[in-house]
Amino acid sequence: MQTNFAPAQLADPAMAASEKILRTCVHCGFCTATCPTYLLLGDELDSPRGRIYLIKDMLEGGKPASQEVVKHVDRCLSCLSCMTTCPSGVHYMHLVDHARAHIEETYVRPAGDRFLRALLAQVLPCPGRFRLALTAAKLGAPFRGLVARLPRVGNRLAAMLDLAPAGAPPREPTNRPGRFPPAGGQAAGTPARRVALLRGCAQSVLRPDFNAAAIRLLNRHGIEVVHANEGCCGALTHHMGKEESAHAHARQAIDAWDAEIAEGLDAILVTASGCGTTIKDYGFMFRDDPAYAEKARRVSSLAKDVTEYLALLDLAPVAETDLVVAYHSACSMQHGQGIRLEPKTLLKRAGFTVKDVPEGHICCGSAGTYNILQPELAAKLRARKVANIERVRPDVIATGNIGCATQIGKGTGIPIVHTVELLDWATGGPKPAALAGVTPRLEAAE
């Protein structure tokens, strides 16, 4: 793609990076075949190629964001399926991140939008506030009909009520900063293994059992787990274009993990793939920050999805787990991080029958805060995803991202768990609570 940025514009590192991305695009349109919003709406401007044209015109012309640009960029899920499809290697993620930051800086949203986005940015990254918000959602649930009729923001506030669980799970004892040593201590003569595990923000409230399973599994295999006091990784506000807030969260995480790196870390593990994609991108995010560039690169280089790390271990199943598992690969897992085989291979080795979901490359509609900010499109994508999952008739759904688990779980009665919960169970841990009513076929046959 030909570009005409002025030299003064290219002096800005963010603009220079985006200009390079724009020049990589060859207009082929392969991305339109796998873009969820284009599949739903059939509008070229709601495809990656269309958005690239809009972003190019906005950035190259030095223009503030227009209502049209905002509409179509807001509809983008950042699922990154287009990056998997693109034969030219267009780094759409960095381009749309830049566009969102530019929108946040130059566009004045309607008051209702500003309120809702500020609310999400102040509540979701803070577990204490989020837990209080879930209590408020429970109290507000009977008034959903009235809330939905509020002008401008009613549909999105109703979506928040719909997504909220009936009640927050009980607090998990391991959901705190601290060190969790291997079961039985470190075996004599074996090298010490030590990992940090992201506690997360929303996940630590909604599904603390995810990390609890990871800690049990790692401890049983001789690995010390550290919960640093890292807080939110910044992914949620980063994808809303709130660059200052996102970078503040990220700096806190980088500082916390860098202190642990100094004491020796094999890896920084993440059980929420949406967070993992952002953490692995810290090196790019802070590339021009003299105080954080090197620390950010260190953190990014150690960041791994939990299944990436578990694939390096010798996990021996000890329990009969004869269940059919539909594996839902989160977009941030398969497109953002390129992790496609490890989770399925681990589940198969653990004794599960693993089924691929038809149209597995298409987003479920979660996408961070997308299912709140774009509830109608998200609901259509969830219905499409659930229909495809139910076609393979699984006993359980496994995924590696809290957003997907919440989104899909609201559309089906099939239990949904984290991949690591199934691996923990198969290798000697407790049966996931979500599977309390599910009987393995071998037991049923007896």
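What you see is a predicted model; the values in this text were computed from it and never measured.

A. Region of interest: the overall build of the chain. A tally of helices and strands in the chain yields 26 helices and nine strands. Taking 22 Å as the expected radius of gyration for a compact globule of 446 residues, we find that the chain reaches 22 Å, a close match to that expectation. Reported as C-alpha extents along the three principal axes, the dimensions of the chain are approximately 65 × 50 × 40 Å. Per-residue burial over the chain gives 57% buried out of 446 residues. Sequence-distant contacts in the chain: of pairs separated by 6 or more residues, those separated by 24 or more amount to 73%. Summed over its atoms, the accessible surface of the chain is roughly 18,700 Å², and 55% of this surface lies on carbon and sulfur atoms. Positive and negative charge centroids in the chain, built from 50 and 44 side chains respectively, lie 4 Å apart.

B. A look at the pairing of strand β3 (residues 223–227). Here β3 lies mainly inside the structure; five of its five residues are buried. The alternating pattern of β3 places Ile 223, Val 225 and His 227 on one face and Glu 224 and Val 226 on the opposite face, and all of these are buried. Here strand β1 (residues 178–180) runs beside β3; their pairing, made up of three bridges, is antiparallel. Among the inter-strand pairings, Arg 179 is bridged to a residue of β3, identified as Val 226. Where strand β2 (residues 193–197) meets β3, four bridges bridge the pair, whose relative direction is parallel. Paired with Ala 196 across the strands is Val 226, a residue of β3.

C. The packing of helix α13 (residues 208–220) against helix α25 (residues 419–426), seen in detail. Put simply, α13 and α25 touch, their axes get as near as 8 Å, and they point 40 degrees apart. Considering their axes alone, α13 and α25 lie oblique with respect to each other. When you trace α13 past α25, the crossing you get is left-handed. Across the interface between the two elements, Asp 209, Phe 210, Ala 213, Ala 214, Arg 216, Leu 217 and Arg 220 from α13 touch Val 420, Glu 421, Leu 423 and Asp 424 from α25. Considered class by class, the residues forming the contact of α13 with α25 number six nonpolar, no polar and five charged.

D. Spotlight on the sheet that holds strand β4 (residues 267–270). Read across the open sheet, the five strands follow the order β1-β3-β2-β4-β5; overall the sheet is mixed. With one partner strand each, in any of the chains shown, β1 and β5 (303–305) form the two edges of the open sheet. Neighbour to neighbour, the strand axes of the sheet diverge by 30 degrees on average, direction disregarded. Sheet contacts for α13: β1, β2, β3 and β4; angle to β3, the most-contacted strand, approximately 150 degrees. Each of β4 and β5 is contacted by helix α18 (residues 293–302), which is oriented at about 25 degrees to β5, the strand it contacts most.

E. Representation of helix α8 (residues 111–123) in the model. With 13 residues, α8 ought to run about 18 Å at 1.5 Å a step, and its terminal C-alpha atoms sit 18 Å apart, in line with that. Of all the residues in α8, the buried ones are Gly 112, Asp 113, Leu 116, Arg 117, Leu 120, Ala 121 and Val 123. Each element contacted by the buried residues of α8 is listed here: α5 (67–74), α9 (127–140), α11 (154–163), α14 (235–238) and α22 (370–373).

F. Region of interest: the sheet that holds strand β7 (residues 353–356). Pairing is parallel in the open sheet, where four strands are placed in the order β7-β6-β8-β9. Taken across any chain shown, the strands that pair with only one partner, and hence form the sheet edges, are β7 and β9 (416–418). Each adjacent strand pair in this sheet contributes to an overall mean axis angle of 35 degrees, direction not counted. Relative to strand β8 (residues 396–399), strand β6 (residues 324–327) is paired through three bridges, and the arrangement is parallel. Bridging from a neighbouring strand, Tyr 327 pairs with Ala 398 of β8.

G. Here's a closer look at the pattern of salt bridges. Taken as a whole and assessed by the stated rule, the structure comprises 29 salt bridges. Of the charged contacts, one joins Glu 44 and Arg 49 as a salt bridge, the two residues approaching to 2.7 Å between their closest N and O atoms. Asp 288 is paired through a salt bridge with Arg 287; the nearest N and O atoms lie 3.7 Å apart. Linked through salt bridges whose partners overlap, the residues forming this network are Arg 179, Arg 194, Glu 224, Glu 260 and Glu 263.

H. Just the nonpolar core, in detail. In terms of nonpolar packing, the biggest core is built from 99 residues, with Trp 257, Ile 279, Tyr 282, Leu 310 and Phe 352 touching the most fellow members. When residues no more than four places from it in sequence are discounted, the contact partners of Ile 279 are Leu 198, Cys 233, Trp 257, Val 270, Val 299, Ser 300 and Ala 303. If you look at the next biggest cluster of nonpolar residues, it comprises 27 residues, including Met 1, Cys 25, Leu 95 and Ile 103.

Criteria and cut-off values
Think of each chain on its own: its residues are numbered from 1, step by step along the sequence as written. Selection of residues for local features in this predicted model requires a pLDDT of at least 70, selection of side-chain atom pairs for listing and counting requires 80 or more, and totals for whole chains, interfaces and linings are taken over all residues. Side-chain figures throughout are based on the complete set of non-hydrogen atoms in the structure, without hydrogens or water. Runs of H or I in DSSP of at least four residues are treated as helices and runs of E of at least two as strands, each being numbered from the N terminus. As a reference, a globule follows 2.2 Å times the number of residues to the power 0.38, and the radius of gyration itself is taken over C-alpha atoms. Exposure classes here rest on a 1.4 Å probe applied to the protein chains alone. A residue is buried below 20% of its type maximum, exposed above 50%, and partly exposed in between. Two residues form a contact once any of their heavy atoms are found within 4.5 Å. Per-residue and other accessible areas follow the Shrake-Rupley method at a 1.4 Å probe size, with only the shown protein chains counted as cover for residues. Working convention for charge: Lys and Arg count positive, Asp and Glu count negative, and His plus the chain ends are omitted. Lysine's charge is taken at NZ, arginine's at CZ, aspartate's at CG and glutamate's at CD. In short, DSSP must find at least two bridges between two strands for them to pair. Helix axes are fitted only over the stretch in contact, all axes being lines through C-alpha atoms; the angle between N-to-C directions runs from 0 to 180 degrees. Oblique is the label for every angle not falling under 35 degrees (roughly parallel), over 145 degrees (roughly antiparallel), or within 65 to 115 degrees (roughly perpendicular). Crossings are assigned a handedness: left-handed for a near helix turned anticlockwise from the far helix by less than a right angle, right-handed for a clockwise turn. Residue type decides the class: Asp, Glu, Lys and Arg count as charged, Ala, Val, Leu, Ile, Met, Phe, Trp, Tyr, Cys and Pro as nonpolar, and the leftover types, Gly among them, as polar. Take the residue count of a helix, subtract one, and multiply by 1.5 Å to get its expected span. One side-chain nitrogen of Lys or Arg within 4 Å of one carboxyl oxygen of Asp or Glu is enough to make a salt bridge. The definition of a nonpolar core used throughout is a set of buried Ala, Val, Leu, Ile, Met, Phe, Trp, Tyr and Cys residues joined through side-chain atoms within 4.5 Å.

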